[in-house]
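A look at the structure
Residues per chain, in single letters:
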Amino acid sequence: MEFMSNLGGGLQADRPSLFELIAQDKMREMLEPALRYVIAVYAQRYPRYLIRIVNRYDEFYAMLMFFVERHYLREY
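The following paragraphs examine the structure supplied in this document.

Basis of the calculations
Residues numbered from 1 in each chain as written. Predicted model: local features only at pLDDT ≥ 70, side-chain atom pairs only at ≥ 80, totals over all residues. Heavy atoms only, no water. Helix = DSSP H or I, 4+ residues; strand = E, 2+ residues; numbered from the N terminus. Buried < 20%, exposed > 50% of the residue type's maximum accessible area, 1.4 Å probe, protein only. Areas by Shrake-Rupley, 256 points an atom, 1.4 Å probe, with all protein chains shown as cover. Phe/Tyr/Trp six-rings, centres within 6.5 Å; stacked < 30°, edge-to-face > 60°. Expected span 1.5 Å × (residues − 1). Bend = angle between axes of the 7 residues up to and from the residue. Salt bridge = Lys/Arg side-chain N within 4 Å of Asp/Glu carboxyl O. Axes fitted to C-alpha atoms, helices over the stretch in contact; angles between N-to-C directions. Left-handed = near helix turned anticlockwise from the far one by under 90°. Contact = heavy atoms within 4.5 Å. Nonpolar A, V, L, I, M, F, W, Y, C, P; charged D, E, K, R; others polar.

Some thoughts on the overall build of the protein
Looking only at helices and strands, the protein features three helices and zero strands. In the protein, the succession of α and β elements from N to C terminus is α-α-α. When each of the 76 residues of the protein is scored for burial, the buried share is 8%. A total accessible area of about 7,300 Å² is found for the protein, and carbon and sulfur atoms account for 59% of it.

Put into structure tokens, the structure is as follows:
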């Protein structure tokens, strides 16, 4: 699959390929439901600590993505 990442030929090396953009988009769509499921399962085991996160999941996810994107922008 390495040969397919350089299909652009004359494109700059610092730009992501089409395959990387598609993978990022699909990963972002699948990350939220997976994280919601994991937190819900652990909240059943440890309700004292995690029930607040389950009740306010949208705010938690937005804050988590803020920190992830801020880290990415600072690094790159």
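Observations regarding the packing of aromatic side chains
Overall, the coordinates contain three aromatic pairs when judged by the stated rule. Between Phe66 and Phe67, the aromatic rings sit 5.3 Å apart at their centres with planes inclined by 65°, giving edge-to-face as the arrangement. Classification of Phe67 by relative accessible area gives partly exposed; the value is 41%. Connected via pairs of aromatic rings, a cluster forms that spans Tyr57, Phe60 and Tyr61.

Let's talk about helix α1 (residues 18-45)
Given a rise of 1.5 Å per residue, 28 residues ought to cover 40 Å, and the 41 Å separating the end C-alpha atoms of α1 matches this to within 8%. If you look at α1, its biggest bend is around 30°, right at Leu31, and the proline Pro33 turns up within four residues after that.

Regarding the pattern of salt bridges
Across all of its chains, the model carries three salt bridges by this definition. Put simply, Arg28 and Glu69 hold a salt bridge, and the shortest N to O gap is 2.7 Å. Of this pair, Arg28 sits in helix α1 while Glu69 sits in helix α3 (residues 57-75), and the two are 41 residues apart along the sequence. Judged by relative accessible area, Glu69 falls into the partly exposed class, the value being 34%. The salt bridge partner of Arg36 is Asp58, with a shortest N-O separation of 3.5 Å.

Re the packing of α1 against helix α2 (residues 47-55)
With their axes 7 Å apart at the nearest point, α1 and α2 run at an angle of 145° to one another. The two elements α1 and α2 cross, and the hand of that crossing is left-handed. Contact with α1, carried on its side by Ile39, Ala40, Tyr42, Ala43, Gln44 and Arg45, involves Pro47, Leu50, Ile53 and Val54 of α2 and no other residues of that element. Considered class by class, the residues forming the contact of α1 with α2 number eight nonpolar, one polar and one charged.

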